[in-house]
Amino acid sequence: MVNQVNTEPKSRADMPKTPYSAPVIGSTGKTGSWRTFNPVIDYDTCNRCRTCWLYCPEASIDLDEDGTPHIDYDYCKGCGICAQVCPKKCIEMVRAGQEEAT
Amino acid sequence: MKTLLMSANYAAARAIVSARVEVVAAYPITPATTVPEQIALLDEEGIYKGEFIRVESEHSAMFACIGASSTGARAFTATSSNGLLLMDEALHWAAAARLPIVLANINRSVSPPWNIHVTHDDSMSKRDTGWIQFYVASVDEFYHTIIQAFKVAEDERVLMPVMVSADGFVLSHTVSTFDYLEPEEVDEFLPPYKPPHWVMNPDNPVSHGNIVFPEYYQEFRYQMHEASKNALKVYEEVERDYKRLFGKYFGGPIDQYRCDDAEVVFTSQGTVGAEAIDAIDELRDEGYKVGAARVRMYRPFPVEPMRALASKVKAFASFDRGVSYGFGGHVANDIRAALYHSPYRPIVKSYIGGLGGRDVTVDDIKEIILDTVKAVESGEMGPEETWHDLLE
Amino acid sequence: MVAIREMPLKEFVLKGNAACAGCMDTLALRHALKALEGKVIQVVPACCTSVIQSLWPKSGLGVPILNTAFMAAAATASGVRAALKAKGREDVQVMVWAGDGGTFDIGIQALSGAFERRTDFLYVCYNNQVYSNTGTQRSGATPLYAQTTTTWYGKTEPEKMLDLVVAAHEPAYQATANAAYPRDLYEKFKRASEIHGPKFIHVLIPCPQAWNYPVELGVEIGKLAVETGYWILWERIGDKFKLSPQSKRFQDPAKRKPIEEFLKLQGRFSRLFKPKKDEKKIAELQAYVQHRWDVLMRTFT
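Remember, it's a predicted structure, so these values are computed and weren't measured experimentally.

Cut-offs and rules
- Residues numbered from 1 in each chain as written.
- Chains lettered and ligands numbered in written order.
- Predicted model: local features only at pLDDT ≥ 70, side-chain atom pairs only at ≥ 80, totals over all residues.
- Heavy atoms only, no water.
- Helix = DSSP H or I, 4+ residues; strand = E, 2+ residues; numbered from the N terminus.
- Rg over C-alpha atoms; globule rule 2.2 N^0.38 Å.
- Buried < 20%, exposed > 50% of the residue type's maximum accessible area, 1.4 Å probe, protein only.
- Contact = heavy atoms within 4.5 Å.
- Areas by Shrake-Rupley, 256 points an atom, 1.4 Å probe, with all protein chains shown as cover.
- Lys, Arg positive; Asp, Glu negative; His and termini not counted.
- Charge placed at Lys NZ, Arg CZ, Asp CG, Glu CD.
- Axes fitted to C-alpha atoms, helices over the stretch in contact; angles between N-to-C directions.
- Parallel < 35°, antiparallel > 145°, perpendicular 65-115°, else oblique.
- Left-handed = near helix turned anticlockwise from the far one by under 90°.
- Nonpolar A, V, L, I, M, F, W, Y, C, P; charged D, E, K, R; others polar.
- Salt bridge = Lys/Arg side-chain N within 4 Å of Asp/Glu carboxyl O.
- Buried area = accessible area lost by both parts, 1.4 Å probe.
- Polar contact = N/O pair within 3.5 Å; in protein donor to acceptor, adjacent residues only side chain to side chain.
- Pairing = 2+ DSSP bridges.
- Core = buried A, V, L, I, M, F, W, Y, C linked by side-chain atoms within 4.5 Å.
- Phe/Tyr/Trp six-rings, centres within 6.5 Å; stacked < 30°, edge-to-face > 60°.
- Lys NZ or Arg CZ within 6 Å of the ring centre and 35° of its normal.

**As for the overall build of chain A**
- Helix and strand counts for chain A come out as 2 helices and 5 strands.
- The secondary structure elements of chain A, listed N-terminal to C-terminal, are β-β-α-β-β-α-β.
- Computed over its C-alpha atoms, the radius of gyration of chain A comes to 18 Å, more than 25% above the 13 Å expected for a compact globule of 102 residues.
- Seen along its three principal axes, the alpha-carbon backbone of chain A occupies a region of about 55 × 30 × 20 Å.
- A buried classification covers 50% of the 102 residues belonging to chain A.
- Considering only residue pairs separated by 6 or more positions, chain A has 59% of its internal contacts joining residues 24 or more positions apart.
- Split by element, the accessible area of chain A, about 5300 Å² in all, is 46% carbon and sulfur.
- Separation of charge centres in chain A, based on 11 positive and 14 negative side chains, amounts to 9 Å.

Structure (structure tokens):
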């Protein structure tokens, strides 16, 4: 009954009577494009403590079952909080465009 | 249906029981106060089965109604004058959120100075908010129009909030008989409210009210305009159903009395329209071909019915119990605008009076009508606007 | 204290929203919604969150969001709760998520009314100490000497102690929290979700825009707020008051870091250090820390 609209209308007929929106990832687009620094995790040092996941304001760190964190670079805004809070200091903020080839 | 005897305000409180309203949020203000007082009593005695929020201001009252209606509940409030003005932002909000809230407004002067008597400025100044507006003239009409208001508001072609205005003290506190309907009798006419478009529910999360950029805002507003205009047709259907189910009819958007062969028609809103009946009868007895047209539905403006009426008459004596400062009577000017591009353009003489509760008697109305009759007979319109009974 | 491992993975703050990089509001909201398991109708007045949720027709938040006018949050929430009651749905939390503007200043009347009526809801003030949505003007929550766009040379009055105002309404649950302490925040929201009646949680939100610091220092500055004794973490269940473990240590002034360490990282206090260090004003702010501890402990114990 509730119109689950979250695509932009092509005509007035597609528009609801009043602006209500449906939840969707990437509501403001691929915010990864905002970054000037990319967080890079050293998985050898990482002890899967999940602290980075806990503190990420964007919820753009995904966890494997064993707690291995994966940065979602499509949406990570590059704030650097994960690098700051990591107890093992194994996240490095690398200037975008200057990453070493892995 | 049974006959009860009580004031218009108390009858309004009964209407929300009959209409199975689920949430009321209201704040006291003279002369609307006895509406929430009576609802409080009915609530505490278990006769009103919904929730009653004893809010701390009128702004909060309308936003509480908005919160409730957004969560799928049938919501209602009552207020007057400064209280209506205080909730102005909320009125705009409810209309643009397309929430079918009903508000009983008891017309009263806005301040300063303090004046607790009837003037129509309060609701008239809210005519641009998108709220559908009715003006009533009897206890029975007030009670039933409130019930009808929910039906109009909740219709999918409308989904706009509705304001029903009654004159302060002259009507709100006048005790009269009216025909009361039990909730079970109303059920067939007014089924439970089911929001057809959006509702707050964690089982199906949506966000209402996000930013809309210039690309689309205009189209949302266009839809509101169309929806408001739809209300005319919807109200026609509503009155037809009401007549069929309850044998009652209040005259449609313009309640006309002896207009069919009238040369001069007196238009007005609210209780002055009821007094006009006697004035028309007396003038008719004196040989004048006059009629009265009480504007019941003011927004959307009943353009076609007004043009149809204009096709039959030579002049309108249009009475406003309020004024839009710097331009004149609200309804008189709207009538003129509605007629401007129609082939029927009788003169429209505007009369402003009855402000601050100044009495408007049958003799006052006769005087006004005869002033317009004189204009017709002499061929000279005279002043476009006259303030009636103004102190020299 | 809940272990990170025990915290649910499901996200209700959806990545790719309109929040600034390093926004501590979304950090707090992430964990608040996890604690409530998303079973909530969230009422949001005009504030940063009403922009963070993104533009129609997309929402960056995975729970029902009812936007409302700036001063109306608590009143709208009262209406939502009444409707839920009328429909027999007792299992849904009603939560206001309002900034300091919509709580301390323009929204205080509605807040007071809703609490006095014992509305069953959770009012969350996420406080970054300015009117942030309109571009960081001063609010009733802005601290003394802080620079904002309407107090360019520093605010001349201290922030009002809103927690005392709320406490005067005798809520069923009241707490302070801090976005830099997400596990403590999570637990407080969990506890609140199990209590009926009017509830209030006051969350300190460091803000890279308003407080003017390098974005990555959000958590560090949030922690300094507690470690200097400036922000006190506590909760009150009914009239049972409890200092939270993270703040208990700092009841002793000797254990607190000097307030300077908190101030010097923030551009909004830069006039206290440049061109010349203003020892007098810093001392005032330092004394103010003890003053707030005194008032708090005197009121609740």
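**Points about the packing of helix α3 (residues 58-70) of chain B against helix α3 (residues 73-86) of chain C**
- Viewed as axis vectors pointing N to C, α3 of chain B and α3 of chain C meet at an angle of 45 degrees, and their least axial separation amounts to 6 Å. With respect to their mutual orientation, α3 of chain B and α3 of chain C come out oblique. In this structure, α3 of chain B crosses over α3 of chain C, and the sense of that crossing is right-handed. Residues S60, F63, A64, G67 and A68 of chain B of α3 of chain B touch α3 of chain C, and the partners they reach there are A75, T76, G79, V80 and A83 of chain C.
- Here the residues of the contact of α3 of chain B with α3 of chain C are counted per class, giving 6 nonpolar, 4 polar and no charged.

**Considerations on helix α12 (residues 330-340) of chain B**
- Burial runs high along α12 of chain B: 8 of the 11 residues are buried.
- Restricting attention to buried positions, one finds in α12 of chain B the residues H330, V331, A332, N333, D334, I335, A338 and L339 of chain B.

**A few points about the pattern of salt bridges**
- Within the structure shown, the criterion is met by 52 salt bridges over all chains.
- Across the pair D72 of chain A and K15 of chain C runs a salt bridge, and its minimum N-O distance is 2.7 Å. On the criterion of chain membership, the pair formed by D72 of chain A in the loop between β4 (69-71) and α2 (81-85) and K15 of chain C in the segment before α1 (24-35) is interchain, its members lying in two chains.
- Take D72 of chain A: its relative accessible area is 15%, and that puts it in the buried class.
- Here R138 of chain C and E157 of chain C are joined by a salt bridge, their closest N and O atoms 2.8 Å apart. With R138 of chain C in the loop between β5 (121-127) and α6 (162-167) and E157 of chain C in the loop between β5 and α6, the pair connects residues that are 19 residues apart, well separated along the chain.
- Exposure remark for R138 of chain C: the relative accessible area of 30% places this residue in the partly exposed category.
- Bridged by salt links that share partners, the residues E141, E239, D255, R294 and R296 of chain B form one connected network.

**Observations regarding the interface of chain B and chain A**
- Across the boundary between the two partners, chain B contributes 23 residues, which contact 15 residues of chain A.
- Across the chain B to chain A interface the summed buried area is about 1800 Å²; carbon plus sulfur atoms make up 60%.
- In terms of surface lost to chain A, no three residues of chain B exceed H197, Y216 and F220 of chain B, which account for 29% of the buried area on that side.
- At the boundary of chain B and chain A, one finds 6 residue pairs in polar contact (both at pLDDT 80 or more).
- When the residues that make up the side of chain B that touches chain A are grouped by side-chain class, the tally is 13 nonpolar, 7 polar and 3 charged.
- Pairing analysis gives 2 bridges linking strand β1 (residues 20-23) of chain A to strand β9 (residues 207-208) of chain B, with the strands arranged antiparallel. Bridge pairing links S21 of chain A to S207 of chain B in β9 of chain B.

**What about the interface of chain A and chain C?**
- The interface is formed by 42 residues belonging to chain A together with 41 residues belonging to chain C.
- Buried area between chain A and chain C, summed over both chains or domains, comes out near 3300 Å², and the portion from carbon and sulfur atoms is 61%.
- The largest contributions to the chain A side of the interface with chain C come from W53, L54 and Y55 of chain A, which together make up 20% of the buried area.
- There are 2 salt bridges connecting chain A and chain C.
- At the boundary of chain A and chain C, one finds 24 residue pairs in polar contact (both at pLDDT 80 or more).
- Of all the secondary structure elements, the ones that give two or more residues to the side of chain A that touches chain C are β1, α1 (51-55), β3 (61-63) and α2 of chain A.
- Residue composition of the side of chain A that touches chain C, grouped by class: 23 nonpolar, 12 polar and 7 charged.
- Alignment of β1 of chain A against strand β2 (residues 58-59) of chain C, held across 2 bridges, turns out to be parallel.

**Considering the nonpolar core**
- With 119 residues, the main nonpolar core has M62, F76, F142 and I146 of chain B together with Y123 of chain C as its most contacted residues.
- For this core, the element with the most residues is helix α7 (residues 139-154) of chain B, which contributes 9 residues.
- In this structure, Y123 of chain C is in contact with A74, V96, A98, G102, T103, L111, F115, K199, F200 and I201 of chain C, ignoring residues within four places of it in sequence.

**Looking at the side chain of T271 of chain B**
Residue and element names in this part refer to chain B.
- Inspection of the secondary structure assignment puts T271 in helix α10 (residues 271-285).
- At a separation of 2.5 Å, a polar atom in the side chain of T271 contacts the side chain of D167.
- If we ignore the near neighbours within four places in the chain, the residues touching T271 are V136, A137, D167, V170, L171 and R321.

**Side note on the sheet that holds strand β4 (residues 93-99) of chain C**
- Spatially, the 11 strands line up as an open sheet ordered β2(C)-β1(A)-β9(B)-β3(C)-β1(C)-β4(C)-β5(C)-β7(C)-β6(C)-β8(C)-β9(C), and their pairing is mixed. Each end of this open sheet is capped by a strand with a single partner; those strands are β2 and β9 (240-243) of chain C.
- With 3 bridges joining them, strand β6 (residues 173-178) of chain C and strand β8 (residues 234-237) of chain C adopt antiparallel strand pairing. Within β8 of chain C, the residue paired with Q174 of chain C across the bridge is R236 of chain C.
- Of the strands in this sheet, β4, β5, β6, β7 (198-204) and β8 of chain C are in contact with helix α7 (residues 182-193) of chain C, which crosses β6 of chain C at around 160 degrees.

**What to know about the packing of aromatic side chains**
- Going through the model one piece at a time under the given rule, you end up with 23 aromatic pairs over all chains.
- Between F115 of chain C and F200 of chain C, the aromatic rings sit 6.2 Å apart at their centres with planes inclined by 70 degrees, giving edge-to-face as the arrangement. On the criterion of sequence distance, the pair formed by F115 of chain C in helix α5 (residues 108-116) and F200 of chain C in strand β7 is long-range, its members being 85 residues apart. Take F115 of chain C and F200 of chain C: they sit in the same class, and that class is buried.
- Look at F241 of chain C and F300 of chain C: their rings are 5.3 Å apart centre to centre, the planes differ by 20 degrees, and that puts the pair in the stacked class. Within this pair, whereas F241 of chain C is found in strand β9, its partner F300 of chain C is found in helix α12 (residues 279-300), the two being separated by 59 residues in sequence.
- Among the residues examined, F241 of chain C registers a relative accessible area of 18% and is labelled buried.
- Each residue in the set F115, F121, Y123 and F200 of chain C is aromatic and connected to the rest through ring pairs, giving one cluster.
- One Lys or Arg, R299 of chain B, reaches over the ring of Y298 of chain B and ends 4.5 Å from the middle of that ring.

Interpretation note: all reported values are geometric properties and have no functional meaning in isolation.
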